[in-house]
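# Summary of the model geometry
Residue-level listing of the chains:
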Amino acid sequence: MEVKGMAARDVPGNPARTTTPAGSLTPEEDETLTDSDGPRARVDARQLEEALINLRKRVAALPLVFDIPGAEDVAADRGKLVSQIDDYLLPRVRQSAAPILVALVGSTGAGKSTLVNSIVGTKVSLTGVRRPTTNSPVLACHPDDLPWFAENVFLPTMPRVRQEGLARPGKDGLLVLAPVEEVPQGIALLDTPDIDSVAASHRAFAYQFLDASDLWLFMTSATRYADAPVWEVLQHARDRDASLALVLSRVPPAHAEELAAHFGAMLDANGVVPDQRFMIEETTITDGLLPEEACDPVKEWLIDTARRADRRVAVLSQTMAGMLDTFKDRVPRLASHIDAQADLAARLRREAESAYRDARAEFTDAIRGARLLGGEVLARWRDYSDSGDLGAELRSRRPVRKGRRARKGTGPAETRAALYEEALRGALEALVVAIADRAAERVARAWWAIPAGAALLAEAEKSKEHTRDTERIFASAFGPASSDEKPEDAPAEGFTRSGSELASHVKLAVSGWQDQLIRDVEAAGGTGRARGAMSLVAATALLADGSGQGDDIVTMPRRLLASAFGADAATGLLGRVREDLTDRVSLLLDEELLRFTAILDAADTVDPVAAVRLYQAEYSLETAR
């Protein structure tokens, strides 16, 4: 077996990028770095920690309410940002003297577990022909270094178990800690699941552990190095500017140079520049371990990296700075998406508020100019006024006709005044419901035209349907919940029309307005029987205001009011009556508007300044660096 350790190209140091938390090095290490690398930027670890905590808080608190373009990717990256801060950046800032964590990652069958076992000198990770073999990550370290990887320090959200005795399968999602005396202090090896595993959870684990590691030792075989999953990881390492070493394994000796050259050309073409490259040719595995001469170059390089102050700090600084550099683009991208979310929430709210604001204006306009004084209302008015009943009630001399005499003139048993009052009230109620229906349809159409708005409406409809099903089940078992419950065949309430309770609320509002109108007439001087008739006259005059028609229904009511109370008092009375009516209807329309704004509020609140806070947190982080 021949092992070739090939240094690809030396990666030039970048003093501007080499930042290390103050107090993380011994004076000897500090002197070594100054001599070899030139001036090195120092940062305040406490300030950096505070900046990271603040950024994490801002990112984690962001609500992604609406399913707008890019939302899925942004949600995934938000989770990654939080994980990278929790799993790597904060632990490394707080514990800068912790062992270097080397993640072995790569293709199925590349021999990662075999290499880990060979470097350690004993079986700590399962190997075999079954693929994938590693279903749980295994972390091998010196027993004295084990406290560094306790649950409250390293990957705090991942449960772990300490390995006792021989390697055995773990459970998915469980980190296996393997303390071994033969592992040099200052370094830990993490055997991760395969990046091309058929199990999505294995691939997710591989990337999660890469983001929590200081040094990536990527391993692929001579038959798999050109596979797409390999280059996805290598390009991720390139974009992250992570410290990277490569191992090309299972290389046929006869084709070693050719394969090494081709692999190197692919690395160059993709802009991947590893710190070190190794090649392990095909060899015989004995008791699950590689011959010492096969794994020693990798082992010695890792030990040298961990023990040399300049190499150690270069690795830590490059990986940490590389991750932080990605925040410069990712955080603003997240902030931009939050701005888009806030803009969309504001747009949906504006659409709803605008529709109901216009509905209020439509009602105010509709109760002027005699628009409601036609059809049945006009017919009932003429019957009421021409019959003499109106004049009699205003003079309070003749009682309202009842019984047979009333029926001869009108047909129904009710008085002409009651029939006119009913027609007037019905016209007002129908007007309010129609205006509210049009507003609801306008909002629903506007929201349905926006995918995120359509999703909100669909979810709200689904929730209402679930509530109706629950009510029907309850009623079938225990009877109706209340006497005024909707009938079983009532149409399902949707958002393209007003709410099912509006009609009853309108009746109450109009009835309350009429009662107040009578009190206002009485306060103005109307008494006895005349006040009821005068309230109908006032209501008619209100609806006729602004009309240029010469019909009696337009001219007579205002003339009667002016005669009874005086022109100025009549004008004041109509102003108060109009204001009371519009206020009551405005409250009804506001209640209808709440059906839509409540959907937005239930979805979660998109803080309009959340993006600004994100920008500020990123700026604070860059300042701390």
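Residues numbered from 1 in each chain as written. Predicted model: local features only at pLDDT ≥ 70, side-chain atom pairs only at ≥ 80, totals over all residues. Heavy atoms only, no water.

## What about the overall build of the protein?
What the protein contains, in helices and strands, is 19 helices and 11 strands. When burial is assessed residue by residue, the protein has 50% of its 625 residues classed as buried. Considering only intrachain contacts with a sequence separation of at least 6, the fraction spanning at least 24 residues in the protein is 78%. With an accessible surface of roughly 29100 Å², the protein has 51% of that area assigned to carbon and sulfur atoms. (Helix = DSSP H or I, 4+ residues; strand = E, 2+ residues; numbered from the N terminus. Buried < 20%, exposed > 50% of the residue type's maximum accessible area, 1.4 Å probe, protein only. Contact = heavy atoms within 4.5 Å. Areas by Shrake-Rupley, 256 points an atom, 1.4 Å probe, with all protein chains shown as cover.)

## Points about empty space enclosed by the protein
One simple way to see leftover space: roll a probe sized like a water molecule over the atoms. Counted according to the given criterion, the structure contains six cavities of 30 Å³ or more. Counted as a void, the largest cavity has a volume near 140 Å³. Taken together, the residues of the lining of the largest cavity sort by class into 10 nonpolar, one polar and three charged. (1 Å grid on protein atoms, 1.4 Å probe; cavity = no way out; pocket = protein on both sides within 12 Å on 5 of 7 lines; lining within 4 Å. Points joined across faces, edges and corners; volume = space filled by probe spheres on them. Nonpolar A, V, L, I, M, F, W, Y, C, P; charged D, E, K, R; others polar.)

## Structural notes on the packing of helix α13 (residues 416-448) against helix α16 (residues 530-544)
A pair of packed helices is characterised by two quantities: the angle between their axes and the separation of those axes. The N-to-C vectors of α13 and α16 enclose an angle of 35°; their axes lie 11 Å apart at closest approach. Remark: the crossing between α13 and α16 carries left-handed chirality. Counting all contacts with α13, which are made through A417, Y420, E421, L424 and L428, the residues of α16 involved are L536, A539, T540 and L543. (Axes fitted to C-alpha atoms, helices over the stretch in contact; angles between N-to-C directions. Left-handed = near helix turned anticlockwise from the far one by under 90°.)

## Structural notes on helix α7 (residues 256-269)
For α7, with 14 residues, the first-to-last C-alpha span of 20 Å sits near the 20 Å given by 1.5 Å per residue. Residues of α7 that are buried include every one of A256, L259, A260, F263, G264, M266 and L267, and no others. Seen end-on, α7 carries its buried residues on one side only, within an arc spanning 160°. Across α7 from its buried face, at more than 90 degrees, point the exposed residues E257, E258 and A269. Positive backbone phi, at 70°, marks G271, one or two positions downstream of α7. (Expected span 1.5 Å × (residues − 1). Arc of directions from axis to C-beta.)

## Observations regarding the packing of helix α4 (residues 112-120) against helix α8 (residues 292-307)
Between α4 and α8, the shortest axis-to-axis distance is 10 Å and the interhelical angle comes to 70°. When the axis of α4 is compared with that of α8, the two are roughly perpendicular. The two elements α4 and α8 cross, and the hand of that crossing is right-handed. Across from L115, S118 and I119 in α4, the residues of α8 making contact are C295, V298, K299 and L302. Looking at the contact of α4 with α8 residue by residue, the classes come out as five nonpolar, one polar and one charged. (Parallel < 35°, antiparallel > 145°, perpendicular 65-115°, else oblique.)

## Concerning unusual backbone geometry
Despite not being glycine, R250 has its phi angle at roughly 55°, a positive value. Looking at the secondary structure, you find R250 in strand β10 (residues 243-251). Accessibility expressed as a relative area gives 43% for R250, which makes it partly exposed.

## A closer look at the pairing of strand β5 (residues 138-141)
The side-chain alternation of β5 yields two buried faces, one formed by V138 and A140 and the other by L139 and C141. Across four bridges, the pairing between β5 and strand β8 (residues 187-191) is antiparallel. Pairing of L139 across the sheet is with L190, part of β8. (Pairing = 2+ DSSP bridges.)

## Describing the confidence of the model for the protein
With 81% of its residues at a pLDDT of 70 or more, the protein has an overall mean of 83. The secondary structure element of the protein with the lowest average pLDDT is helix α1 (residues 27-37), at 39, and the one with the highest is α13, at 96. Contacts of residues 397-414 to residues separated by more than four positions or lying in other chains number 25 contacts, the stretch itself having pLDDT below 50. (pLDDT = per-residue confidence, 0-100.)

## As for the nonpolar core
Of all hydrophobic cores here, the largest spans 80 residues; its most connected members are F66, Y356, W447, L561 and F596. Taken together, the elements giving at least two residues each to this core come down to α9 (309-366), α10 (375-386), α13, α14 (451-478), α15 (502-524), α16, α17 (552-565) and α18 (567-603). The element best represented in this core is α13, accounting for 16 residues. If sequence neighbours within four positions are ignored, Y356 has contacts with A436, A439, A440, V443, L589, E592, L593 and F596. Ranked by size, the runner-up nonpolar core spans 33 residues in total, among them V102, L104, A140 and C295. (Core = buried A, V, L, I, M, F, W, Y, C linked by side-chain atoms within 4.5 Å.)

## Topic: the packing of aromatic side chains
Tallied over the entire structure, the rule returns nine aromatic pairs. Measuring from centroid to centroid gives 5.3 Å for Y225 and F263, while their planes differ by 55°, and the two rings are tilted. Taken together, the residues span a long stretch of sequence, with Y225 in the loop between β9 (215-221) and α6 (228-240) and F263 in helix α7 at a distance of 38 residues. Y225 sits in the buried class, given a relative accessible area of 6%. (Phe/Tyr/Trp six-rings, centres within 6.5 Å; stacked < 30°, edge-to-face > 60°.)

## Here we look at the pairing of β10
In terms of residue burial, β10 counts as a mostly covered element, since eight of its nine residues are buried. Handedness of the crossover joining β9 and β10 through α6: right-handed. With five bridges connecting them, β10 and strand β11 (residues 276-281) associate as parallel partners. Bridged to L246 within β11 is R277. As a crossover connection, the stretch from β10 through α7 into β11 is right-handed. (Right-handed = clockwise from strand over helix to strand, strands pointing away.)

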